[in-house]
Amino acid sequence: MLEKDILKEFQDVVGPEFIDDGDVMTNVYAYNWCTEFVNYMEGKEPIPFSPVPKAVILPSTTEEVQKIIKLCNKYKIKFKAQSTGLGPWNQPSTDNSIILDLRRMNKIVKIDEKNLYAVVESYVSGAQLQAEAMKYGLTVHMPGAGPMASPLASHTSMAGPGFTSPQTGHSARNVLGVEWVLPDGKIMRLGSLGQKNNPDWFIGDGPGPSLRGIMRGWVGAKSGIGVFTKVGIKLFPYPTDTKFVMTGHAPLYNFEKPDYIRAYVFDCKSWKGLEKIMLRVEEEEVGFIVSHISGLAVMAIFSYSIEGLMDKMALGVLKNPLLVVMGARTKREFDYKQMVMEDILTEYDLENIIDTKYVPEKVFYAECLRANLGYHGFIATGGFQSAKGQADAAALCLRAEKTNIPLKQKYIKKEAIANDFGEGAWMTSYEGGHFFHMESPTMFNQSDLKSVKGMANYMDESNKQDLIKHLGAPFFIEGDKLHDEWGPHMMNYHNWLRKIKAAFDPNGVADSGFYITAKKECENK
Amino acid sequence: MTTEHFPEQEYRRMIKMCLRCSVCKWIPQVQIKSQKYASCCPAMDIYDYHAYSGGGRIILALAYEMGRVKPSDDLLNIVYRCTECGNCAIACKYMNTLEPLEIIMKFREKLVKDGYGPMPQQKAYTEAMKKVNNPYNEPHEKRVDWLPSDIKVDPDAKLLYYVGCTSSYRRKEMAIAAARIMNAAGVPFNILKDDEFCCGSPVYRTGDVESFKVQLNKNLDVMESKGIETIIFSCAGCYDTFKVDYPLYREYNFEVLHTVEFFEQLIEEGKLKFTTEVPIMVTYHDPCHLGRTAERYEEWAGDELKLMPLVSINIPPKPKNIGAKGVYDAPRNILNKIPGLKLVEMERIMEYSYCCGAGAGVKSAFPDMAIRSSKNRIEEAEDSGANILVSACPFCSTNLQDGIKESGSKLKYYDISELILMALGLDPEKLIQATAGGA
Ligand SMILES: Cc1cc2nc3c(=O)[nH]c(=O)nc-3n(C[C@H](O)[C@H](O)[C@H](O)COP(=O)(O)OP(=O)(O)OC[C@H]3O[C@@H](n4cnc5c(N)ncnc54)[C@H](O)[C@@H]3O)c2cc1C
Ligand code: SF4
Ligand code: SF4
């Protein structure tokens, strides 16, 4: 709870109905999925609740955000911003905090269909923006988390790979102008938005060092460096005709498959083969989805229930599967892309099992187009989280995947995580195969203590393995403890990051549980 | 149903499993057609805080179970600001195996058992139901005041028209229209008159399961004593309660049909013939209780087979209610058969239809929430291009008409039975005025 006078000041900013410091509301915001194993990793009780924030506040404008942050500075209260709020990185690290739920900041400010970008606020979901972009024949990059996540959060603050990455890239690469409320309450406008004359959103950098790098780098500051209130993001041509007709009922909707869409799943039979073929498919730029997933994951993306998953055992035997989905706007384009794929299949002696051995439900194609495949990861146990997260060359990603298998098998034997033979992985390329992303989704049961502990230990070991075996940085290096562990191995980057943090957040009010503190900031806890 | 359909241990297991993914705030992701009509939860649309969503309510249930939150006005004010429309459950169950609506209902049941719920206005209508058999506190003897003298009722018929409290006292035009249609088709039917009591839905949905059981036994005793073979309902709420909820506590062996299902049959059989053009453009609102929540629970007595650590499957697969078996086609088939009538759809329809905003005690305890939700739906109906909004539930009718009034909309509202009367060549308004004596 906030002290009465302080509460009144916050109420004056947003109105009394948009701040709640009661026990009931604050407890709801203390919960998040996977918080139990984060707690365990931090030596706390493995419950799904973080420290309870003092209050939850729902601003509706940038000016309100600015005033809230100034009050946080005045009273030395930390703030944590959240968009749709999925995942433990939304949780406060201390009970001396308030949560800014940005739900009321939900405007699509503009869609510039000629210059291929949109400007959005925090609580526009990927599916919402895509639905509006589709009216112009366009689409948007969405993270694998799915279309319910916020493009603003993904682009400014957190990670960024998605199933359509071969076509739509990575969130970090798609950020244009940004409106950013700094931790001291000042407003920063990035790139062309900061111009004195005719400010606009079309580019995120200006002269001088890239502030986009400071703002998010590769993995994002997760609210540790201020609040982003609007962002310009790139739009891309929608892969097929945008006519989108669905009949029937959930989940097996009868989707009228566009004329020019086709899926391929084939077994590359060896790691070497997989690397070669994936690079080749990428080089040809024919697929808007090019993902290597495990045999079990192939079963999962075609399933809508655990029982349905088990029906598809025959797909699970694929050793090194590759999923390619291609779309086209014209017959000519489609014929060309199919021809290229036929050549690749012939050259490497591959067999496409789609429509020969397995016919997907029609809704599968809708899910490819609407970025909904990631959600299938919850099918088996209800919970999953990824280790790894490398962004590098295909060879390194595959090496990370291979070396992870025995480690995973160890925890499978302990019955802590679900049995995917240790192979569970998702690897995609960005931008025509110039670089790749690999993560190792792992299914566990968040309501089972043994599983939670096992998952936490596995994540920890996996991170350490990356360090020892020179596998690059995983994406969940966040918080002081891990940065302090990794910094010395990587040019002491953590010292530079701390300097940035100190310069941007002199009072240490932007909660840095999932970022980095300037060290002395810890004393405010 | 011999086994408890949602046992305590299932509840306790599931409240730990919410992913906090917010999928339950939206219609199924692949169905999103615009930014404006992407959301599915009336409570979230109005109150914004995560606690009001299906997932937020699950967290609250867990926090309550863990003793992290204590009963308080704050808690009740969130728990009861929900129409139990079940849209969150459809969205969640697209892929997940959680049961958000069951959890919401059971949480209310616990709060009542623990002596805290429901809200004062809901307690008042529960008392009224016990005293005068209807939640509106109207005299029981006036229950059949709606019945025009020229309507033929057959006391020996095995087909029963269960009118329900709202049509009996508040939306008499619906009761009259349904009765006239059956007369026009020459179908003998009975009504219970003094022996008809509230179905119990309003108390069930606020968590007072014990009062509900008394009510359902009272009703089933009457019906069974009369040897009823089929009951038809023009109220989606009563229909859902009889069809889905009664069998969870006591089996019965008569058939239940909503009027749209029954009238569709009569049209198919040629007993109802549309003779008159009704040249209007309408859009149809799927009532939650006729659509996604009107799926019967199927008893499952299979085995859970542990395939490997942490992964089990059900053999045979456990039936999952995901809205697919709601009554969606019948009303649309009827409308499409009315000569001259054009049906256009809203964006949120069928299993992901947006709620009118009135259900589960919201209209009485939180009238402002009911009206705001209704206005959202009215706007969507207007955006469909139709000038008439049609539905098949007296409770939706009241709230949507209130919304039309409040928002100053030019839309006109009809129950589907009134449009049938028009197509049969009977002007419903004139008929109702002439026969109901100022109903
Ligand atoms: C099952 C699952 C799969 C996932 N898969 C992927 C994936 O494939 N690729 C990927 O990139 N990510 C993935 N994620 C991670 C994450 O959910 C996504 O990055 C997503 O984009 C976050 O969007 P959101 O709306 O949920 O943001 P939130 O969860 O609300 O926020 C994410 C982070 O950003 C911060 N934040 C949010 N909004 C603001 C703001 N306006 N200003 C400052 N800070 C802010 C939050 O504090 C939080 O730390 C996955 C997560 C889950 C649970
Ligand atoms: S109830 Fe279901 S959809 Fe909603 S947050 Fe929880 S898991 Fe997600
Ligand atoms: S039942 Fe309806 S009103 Fe209640 S939380 Fe779910 S979607 Fe919202």
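Residues numbered from 1 in each chain as written. Chains lettered and ligands numbered in written order. Predicted model: local features only at pLDDT ≥ 70, side-chain atom pairs only at ≥ 80, totals over all residues. Heavy atoms only, no water.

(A) Broad picture of the interface of chain B and chain A. With 59 residues of chain B at the interface, the matching set in chain A holds 78 residues. Together chain B and chain A conceal approximately 5,600 Å² of surface at their shared face, both sides included; 64% is due to carbon and sulfur atoms. Considering only the surface of chain B that becomes buried against chain A, Tyr49(B), Met95(B) and Leu310(B) emerge as the three largest contributors, covering 15% of it. Summed over the shared surface of chain B and chain A, the result is two salt bridges. Arg103(A) is paired through a salt bridge with Asp48(B); the nearest N and O atoms lie 2.9 Å apart. (Contact = heavy atoms within 4.5 Å. Buried area = accessible area lost by both parts, 1.4 Å probe. Salt bridge = Lys/Arg side-chain N within 4 Å of Asp/Glu carboxyl O.)

(B) Up close: the nonpolar core. By size, the foremost hydrophobic cluster in this structure holds 261 residues, and its most contacted members are Phe10(A), Ile98(A) and Phe242(B). With eight residues, the top contributor of residues to this core is helix α9 (residues 172–185) of chain B. In this structure Phe242(B) touches Tyr162(B), Cys199(B), Asn219(B), Leu220(B), Met223(B), Ile231(B), Phe233(B), Pro247(B), Tyr252(B), Phe254(B) and Val256(B), once residues within four positions along its chain are discounted. In this structure, Val140(A), Val178(A), Met188(A) and Tyr515(A) belong to the second largest nonpolar core, which totals 29 residues. (Core = buried A, V, L, I, M, F, W, Y, C linked by side-chain atoms within 4.5 Å. Buried < 20%, exposed > 50% of the residue type's maximum accessible area, 1.4 Å probe, protein only. Helix = DSSP H or I, 4+ residues; strand = E, 2+ residues; numbered from the N terminus.)

(C) Summary view of the site of ligand 3. Residue and element names in this part refer to chain B. Cys41, Cys82, Cys85, Gly86 and Cys88 are the nearest of the 13 residues found near ligand 3. The site holding ligand 3 turns out to be the second largest cavity. If you list the elements that add at least two residues to the shell around ligand 3, you get α3 (54–65) and α5 (87–93). Of the residues assigned to the shell around ligand 3, the class counts are six nonpolar, five polar and two charged. (Near = heavy atom within 4 Å. 1 Å grid on protein atoms, 1.4 Å probe; cavity = no way out; pocket = protein on both sides within 12 Å on 5 of 7 lines; lining within 4 Å. Sits in = over half its atoms within 2 Å of the grid points. Nonpolar A, V, L, I, M, F, W, Y, C, P; charged D, E, K, R; others polar.)

(D) Quick look at the packing of aromatic side chains. Under the counting rule described, the total for this entry stands at 34 aromatic pairs over all chains. Where Tyr252(B) meets Phe254(B), the ring centres are 4.2 Å apart and the plane angle is 10°; that geometry is what we call stacked. Each of the two residues, Tyr252(B) as well as Phe254(B), counts as buried. Taken together, the ring pairs in this structure connect Tyr162(B), Tyr204(B), Phe212(B), Phe233(B), Tyr239(B), Phe242(B), Tyr246(B) and Tyr249(B) into an aromatic cluster. The ring of Tyr123(A) is capped by Arg103(A), whose NZ or CZ atom sits 5.3 Å from the centre of that ring. Lying across the ring of Phe18(A), Arg104(A) places its NZ or CZ 3.4 Å from the centre. (Phe/Tyr/Trp six-rings, centres within 6.5 Å; stacked < 30°, edge-to-face > 60°. Lys NZ or Arg CZ within 6 Å of the ring centre and 35° of its normal.)

(E) Representation of the pattern of salt bridges in the model. Scanning the entire structure with this criterion turns up 60 salt bridges over all chains. Across the pair Lys337(A) and Glu333(A) runs a salt bridge whose closest N-O atoms are separated by 3.0 Å. Of this pair, Lys337(A) and Glu333(A) both sit in helix α13 (residues 331–348), separated by four residues, roughly a single helical turn. By relative accessible area, Lys337(A) is classed as buried at 12%. The shortest N-O distance in the salt bridge between Arg377(B) and Glu380(B) comes to 3.0 Å.

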